[in-house]
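Take a look at the letters that make up each chain.
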Amino acid sequence: MKNYIRLLLVFVSTSLLFVSCENKEGKKSYGSRSTVQSAPYELLVVANRTWLDNTSAGVCLMDVVKTPIEGLPQEEPNFRVTTLNPSGFNNTFKVYGNIIFAEVSPKYKKAEMSVSRDEYCHPQVILKISAPDDASFVSIVKSNSEMILDMFNKQEFSRERTYLNSKYSGKVFDQAKKQFGVTINVPQDVDEIKQGKDFFWSSSSKQLFRLNVCMYALPMSDLSLEEFVALRDSVMKINIPGEREDQWMETDSRTVTNKIVNLDKRSVVSVRGLWDMKNDAFGGPFVSYLYADTLKNRILVAEGFVMAPEEKKRPLVRQLEAALQTVTFE
């Protein structure tokens, strides 16, 4: 991470003025095409199912699309995958938002990938992968595996942000604007707020599980990943204590990873991993987005964390991560 914040300083200083307009989802006309009917993070793979199950190429493709998400306590794949023979691809399946067509045949001269959008419905991404043989298919899939996952994940984040633009917690929106001069659209059920110094914590109260969103400011500096974790722990110890004096939220530093995420005309650092309550049994996944705010000489951290025993964490974490991407500087 040490070079990431420095990169953001240069990038954000030239892009903050454009954030308020670039962060809005554009309106397009789609004529008679229907809207997507598949659930979030569903992926349809259209290919010969015998080939998918029994060849190195088919197994390679399925391994990629079922890659586990980082930072969850139990393994959960990026997508819930449905497979379908090409002969069965009809109108029922054309309303999936994420589709891969895969074929290996001597009729192809080389391995190729192509992407199209909104062919049958909107918003939709279709990836077509073709190759003359299994070896070249495996090669092109492996070399583009990160891009494949990133493309479909970005599509799902975009869908979620569009939903949050119209249905969000007004309480959290107002708190972020009043306290930090930014706006953020988080799920409507996140409606309980606790304020601290340069910090607030909002939480849902109506479900069996809890969605949580925090926002806090750190001095602008060139942080390493370890330094950020230490700062996070100090902030959480003060602001999210347990029932006893020896209990507070802390980071499981063994699980933490980070990367740069590109959002429209800005880049942010994402950090994800597991948290737990010191000297207690509570814990779960978290994801943090670090925004370099050069105008106020600070790092603004927007963070979501989940407490959901016995629940699948993927849809909850992804929903919160989409919310973190809606941060807009005034």
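Because the structure is a prediction, the values reported are computed rather than measured.

About the cut-offs
- Residues numbered from 1 in each chain as written.
- Predicted model: local features only at pLDDT ≥ 70, side-chain atom pairs only at ≥ 80, totals over all residues.
- Heavy atoms only, no water.
- Helix = DSSP H or I, 4+ residues; strand = E, 2+ residues; numbered from the N terminus.
- Buried < 20%, exposed > 50% of the residue type's maximum accessible area, 1.4 Å probe, protein only.
- Contact = heavy atoms within 4.5 Å.
- Areas by Shrake-Rupley, 256 points an atom, 1.4 Å probe, with all protein chains shown as cover.
- Pairing = 2+ DSSP bridges.
- Axes fitted to C-alpha atoms, helices over the stretch in contact; angles between N-to-C directions.
- Lys, Arg positive; Asp, Glu negative; His and termini not counted.
- Salt bridge = Lys/Arg side-chain N within 4 Å of Asp/Glu carboxyl O.
- Polar contact = N/O pair within 3.5 Å; in protein donor to acceptor, adjacent residues only side chain to side chain.
- Phe/Tyr/Trp six-rings, centres within 6.5 Å; stacked < 30°, edge-to-face > 60°.
- Core = buried A, V, L, I, M, F, W, Y, C linked by side-chain atoms within 4.5 Å.
- Parallel < 35°, antiparallel > 145°, perpendicular 65-115°, else oblique.
- Nonpolar A, V, L, I, M, F, W, Y, C, P; charged D, E, K, R; others polar.
- Expected span 1.5 Å × (residues − 1).

What follows is about the overall build of the chain. Scanning the chain from terminus to terminus reveals 9 helices and 16 strands. Buried residues in the chain amount to 51% of all 330 residues. Here the analysis covers contacts within the chain between residues at least 6 apart in sequence; of these, 63% occur between residues at least 24 apart. Carbon and sulfur atoms make up 50% of the accessible area of the chain, which totals about 16100 Å².

This part covers the sheet that holds strand E5 (residues 112–117). Spatially, 5 strands are ordered E3-E2-E4-E7-E5 in an open sheet, and the strand pairing comes out mixed. Every other strand in the sheet has two partners, leaving strand E3 (80–84) and E5 as the edge strands with one partner each. Pairwise comparison of adjacent strand axes, ignoring direction, gives a mean angle of 20° for this sheet. Contacts from helix H5 (residues 134–143) reach strand E4 (98–104), E5 and strand E7 (125–131) within the one sheet, and its direction differs from that of E7 by about 140°.

Turning next to the pairing of strand E14 (residues 283–293). Of all 11 residues making up E14, 10 are buried, and the element is well covered by its neighbours. Pairing of strand E13 (residues 266–277) with E14 involves 8 bridges; the strand directions are antiparallel. From the neighbouring strand, Val269 faces E14, where its bridge partner is Leu290. Between E13 and the antiparallel strand that follows it, E14, lie 5 residues; Asn279 among them carries a positive phi value of about 60°. In the sheet, E14 pairs with strand E15 (residues 298–307) via 8 bridges, with the strands oriented antiparallel. Paired with Ser288 across the two strands is Glu303, which belongs to E15. Between E14 and E15, which pair antiparallel one after the other, the connecting turn spans 4 residues, and Asn297 there sits at a positive phi close to 55°.

This brings us to the side chain of Arg318. Along the chain, Arg318 turns up in helix H9 (residues 314–324). It turns out Arg318 is buried and unbridged, and the closest side chain with the opposite charge, Glu321, is 4.5 Å from it. A polar atom in the side chain of Arg318 sits 2.9 Å from the side chain of Asn78. Within the structure, the side chain of Arg318 is placed 2.8 Å from the side chain of Asn153, a separation counted as a polar contact. When sequence neighbours within four positions are dropped, the list of residues in contact with Arg318 reads Tyr41, Ile69, Asn78, Asn153 and Phe157.

Under the counting rule described, the total for this entry stands at 13 aromatic pairs. On the basis of an interplanar angle of 85° and a centroid distance of 5.1 Å, the ring pair of Phe89 and Phe101 is categorised as edge-to-face. Note that Phe89 is positioned in the loop between E3 and E4 and Phe101 in strand E4, a separation of 12 residues in sequence. Take Phe89: its relative accessible area is 15%, and that puts it in the buried class. Three or more aromatic residues joined by ring pairs make a cluster, and in this case those are Tyr41, Phe79 and Phe152.

Moving on: the nonpolar core. Val182, Ile184, Met215, Tyr289, Tyr291 and Val327 are the most contacted members of the largest nonpolar core, which has 32 residues in total. Elements that contribute at least two residues to this core include exactly helix H7 (170–180), strand E11 (210–219), strand E12 (249–263), E14, E15 and H9. Broken down by element, this core gets its largest block of residues, 5 residues, from H9.

The next point concerns the environment of Ala39. Looking at where Ala39 falls in the secondary structure, it is placed in the loop between strand E1 (34–35) and strand E2 (42–46). Overall, the relative accessible area of 33% leaves Ala39 in the partly exposed class. In sequence terms Ala39 and Gly97 are 58 residues apart; their C-alpha atoms lie 8.4 Å from each other.

Packing of helix H6 (residues 145–166) against H9 brings their axes to within 9 Å, and their N-to-C directions diverge by 70°. Between H6 and H9, the interaxial angle falls into the category roughly perpendicular. Across from Asn153, Phe157, Glu160, Arg161 and Leu164 in H6, the residues of H9 making contact are Arg318, Gln319, Glu321, Ala322 and Ala323. Here the contact of H6 with H9 is composed, by residue class, of 4 nonpolar, 2 polar and 4 charged.

In this section: H6. An ideal rise of 1.5 Å per residue puts 32 Å on 22 residues; H6 measures up with 33 Å between its terminal C-alpha atoms. Ile148, Leu149, Met151, Phe152, Asn153, Gln155, Glu156, Phe157, Arg159, Glu160, Arg161 and Leu164 are the residues of H6 that are buried.

If charged atoms from side chains of opposite charge come close, those side chains can pair. Tallied over the entire structure, the rule returns 11 salt bridges. Among the salt bridges present, the one from Arg298 reaches Asp293, with a minimum N-O distance of 2.8 Å. With respect to burial, Arg298 and Asp293 carry one shared label: buried.

Turning to the environment of Ala322, a few remarks are in order. Residue position: Ala322 is located in helix H9. Given the relative accessible area of 0%, Ala322 is considered buried. Between the alpha carbons of Ala322 and Val186 there is a distance of 8.5 Å; along the sequence they are 136 residues apart. Ala322 has contacts with Phe157, Glu160, Arg161 and Leu164, leaving out every residue within four places of it along the chain.

Fair warning: the whole summary comes from geometry, so function is off the table for now.
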